[in-house]
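Here is how the chains run, residue by residue.
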Amino acid sequence: MQNGVRTPRMYDLITKKKRGGELTKEELRYFVKGCVTDDIPKEQQAALLMAIWFQGMTDAETAELTVAMTESGETMDLSSLPGVKVDKHSTGGVGDKTTLIVAPLTAAAGLTVAKMSGRGLGHTGGTIDKLESIPGFSTSLTMDEFFDGVRQNGLALMGQTGELAPADKKLYALRDVIAAVDSIPLIASSIMSKKLAAGTDVILLDVKVGSGAFMKTTEDAEKLARAMVNIGEHAGKRTEALITDMNQPLGLAVGNSLEVAEAVEVLHGNGPEDVREESLMLSAELLYLSGRGDRGECRSIAEETLNSGKALEKLCAMVTTQGGDDYVIRNPSMFLQAPIVQEVLAPADGYIVGMDAESIGETSVMLGAGRETLDDAIDPAAGILLKKKYGAPMKKGEPIAVLFTSREAAIDGAEKRFLEAISVGKEPPAPRKLIYARVEKDKVVRY
Ligand code: URA
């Protein structure tokens, strides 16, 4: 009892949520604080998370949980940096290297990108692992180095510090082992607590939908996008989301240095069309949200910045400032090659009518490109280069992908897993969209 207010009891909170009740701000703060200090036993933390998984949360509860998690640690004050500070965040995918293009492109177009990114886990990749495949590049910066990098180049990228939203770190780890990750309010509050703590003015969310994403349907992806946009706008941040396809990997490369090389190809004006288009859409939207003109004007700025080579120069500048070797960025063939390179051959004549992105991501983990637990080491050269994608015709025996690894023992299993991920049909499949919708504060625009 404090000032006549009874301290909430975890048992009562769990019972209330289990029966579909709405938790109050005080109750949610008590829960988050108790998780950070470990005063609440793990079994009670887990029980409440599972009750939330089953019963969901109201918008007010989700917003309060987010604020409590944001305030559980340090928050970044970027106000001393010039310009509009922007962030783009993907909910996680396979082959998603757009940050490596969007961040330098928007910085080259005059926005300020002070970005904290995560590592990959399970079948999804992470920007920090990709950047660390660049020899010498440091993602562990002090705050002074981070701010100096932003002042010098308008762009710095570093790994997320444990001091930002520590409640999320603990709760995410617990959700992971109790199979409670795939809950819309829990994902929304987890992502947005870190985005709000990172302190930017503008937040653009890339919500992935499909076989390789947390959200398997566009309806669920829209719900998640709306929940996150609401949280961001309530916190006074200009927030929007694009819903983008993850029914197959984005681009042709899956794996860390392979993806950096592909991003560089796009920055050179080449590269796969889907990566180029999605990167331009995201960049133009960030420019629009930062007040640089109408959407048409922002698209032109994005295209001009990419085509002029200024975005590539910006990436090289950031790489050099953060201790990396920009020679490999200018000449991606200089990246260390994996010792084992094996083609996967088409099992039959026909068309690719399905590519299970999650299984392809898992194949890349088997090859050494990803991690099962956060402590696993990554092989930067491991991964997959696709030769065919959804809708492509193929002849039995022709190469459809190339696997790269240093794990001899993994290659047969990985090839089998890859082939299981591919569905072959006699007729070409219906084309799929790359971008499904844009979710704004008060409307959804479907493409
Ligand atoms: N990414 C996050 O940061 N949190 C989630 O809950 C899911 C994906």
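Counting restarts for each chain: residues are numbered from 1 in the order of the written sequence. Residues qualify for local features only when their pLDDT is at least 70, as the model is predicted, and side-chain atom pairs are given and counted only at 80 or more; totals for whole chains, interfaces and linings, by contrast, use all residues. Side-chain calculation: all heavy atoms of the structure are included, whereas hydrogens and water are not.

Asks: Can you help me understand the site of the ligand in this one?
Replies: In the vicinity of the ligand, the contacting residues are Y172, R175, I187, S190, I191, K194 and F214. Definition of a polar contact: a pair of N or O atoms within 3.5 Å, with one able to donate and the other able to accept a hydrogen when the atoms are protein atoms, and with sequence-neighbouring residues admitted only if both atoms are side-chain atoms. Note that an oxygen atom of the ligand is positioned 2.4 Å from one of the side-chain N or O atoms of K194. Notes on the ligand: free accessible area 230 Å², of which the protein chains cover 90%. At the level of elements, α8 (166–177) and α9 (184–198) are the ones that each hand at least two residues to the shell around the ligand. The numbering of helices and of strands both runs from the N terminus, where a helix is a DSSP run of H or I of at least 4 residues and a strand a run of E of at least 2. Residue contributions to the shell around the ligand peak at four residues, all from α9. Whether a residue is near a molecule or strand depends on its heavy atoms: if one lies within 4 Å, it is near. Computed with a 1.4 Å probe, the accessible areas rest on the Shrake-Rupley method; for each residue, only the protein chains presented here act as cover.

Asks: I would appreciate a short explanation of the pairing of strand β2 (residues 113–117) in the present structure.
Replies: Consecutive side chains along a regular strand alternate between the two faces of the sheet. A large share of β2 lies buried, amounting to five of its five residues. Here β2 shows no split at all, with V113, K115 and S117 on one side and A114 and M116 on the other all buried. Whether two strands pair depends on DSSP finding at least two bridges between them. The pairing of β2 with strand β3 (residues 155–159) spans five bridges and is classified as parallel. Looking at β3, one finds that M116 is bridged to M158. A 1.4 Å probe rolled over the protein chains alone gives each residue an accessible area, and that area as a share of the maximum for its type sets the label: buried under 20%, exposed over 50%, partly exposed in between.

Asks: So what exactly am I meant to see when it comes to the nonpolar core here?
Replies: As a rule of thumb, nonpolar side chains are buried together in soluble globular proteins. Each nonpolar core is a collection of buried residues, namely Ala, Val, Leu, Ile, Met, Phe, Trp, Tyr and Cys, held together in the definition by side-chain atoms within 4.5 Å. Among the nonpolar cores identified, the biggest contains 71 residues, and I134, I329, I360, I384 and F418 are the most heavily contacted of them. What marks off one domain from the next here is an automatic or database domain assignment. Split by domain, the residues of this core number at least three in each of domain 2 (86–161 + 168–331 + 436–446) and domain 3 (336–425). Formed by 24 residues, the second largest nonpolar core is a distinct cluster that contains I184, M192, L205 and A221.

Asks: So what exactly am I meant to see when it comes to the environment of L186 here?
Replies: If you trace the backbone, L186 turns up in helix α9. Expressed as a C-alpha distance, the spacing of L186 and W53, which sit 133 residues apart in the sequence, is 7.9 Å. When neighbours within four sequence positions are excluded, L186 is seen to be in contact with L49, I52, L65, R175 and A180. Note on contacts: a residue pair is in contact if any heavy atoms of the two residues lie within 4.5 Å.

Asks: What's the story with the side chain of E233 in this structure? I'm lost.
Replies: Mapped onto the secondary structure, E233 falls in helix α10 (residues 218–234). In this structure E233 comes out as buried when scored by relative accessible area, which is 19%. Only 2.9 Å separates the side chain of E233 from the backbone nitrogen of T239, close enough to count as a polar contact. When near neighbours in sequence (up to four residues on either side) are disregarded, E233 contacts R238, T239 and K441.

Asks: Which parts of the structure should I look at to understand the sheet that holds strand β10 (residues 393–394)?
Replies: Whether parallel or antiparallel, the strands of a sheet pair through hydrogen bonds between backbone atoms. The strand order β10-β8-β12 describes an open sheet built from three strands, whose pairing is antiparallel. One side of each edge strand has no neighbouring strand; the edge strands of this open sheet are β10 and β12 (422–425). As judged from the two bridges shared by strand β8 (residues 350–355) and β10, these two strands associate in the antiparallel manner. Looking at β10, one finds that Y351 is bridged to P393. Helix α17 (residues 411–421) contacts β8 and β12 of the sheet and is inclined by roughly 45° relative to β12. All axes here are fitted lines through C-alpha atoms, helices being fitted over the stretch that makes contact, and every angle between N-to-C directions spans 0 to 180 degrees.

Asks: Just to check I follow, could you spell out the domain arrangement of the chain for this structure?
Replies: Interfaces are often described in size by the accessible area the parts lose on coming together. Domain boundaries assigned for the chain yield domain 1 (10–70), domain 2 (86–161 + 168–331 + 436–446) and domain 3 (336–425). Contacts between the two partners involve 25 residues from domain 2, matched on the other side by 27 residues from domain 3. Defined here as a combined quantity, buried area equals the accessible surface (1.4 Å probe) lost by two parts on assembly, summed across both. Counting each side, the surface lost to burial between domain 2 and domain 3 is near 1900 Å², with a carbon and sulfur contribution of 57%. Each salt bridge in this description consists of a side-chain nitrogen of Lys or Arg and a carboxyl oxygen of Asp or Glu lying within 4 Å of one another. If you look at where domain 2 meets domain 3, you find three salt bridges. Its salt-bridge partner being E358, residue K216 comes within 3.3 Å of it at the nearest N-O pair. At the junction of domain 2 and domain 3, the tally comes to twelve residue pairs in polar contact (both at pLDDT 80 or more). Of all the elements in the fold, those that place two or more residues in the side of domain 2 that touches domain 3 are β6 (253–254) and α11 (256–267).

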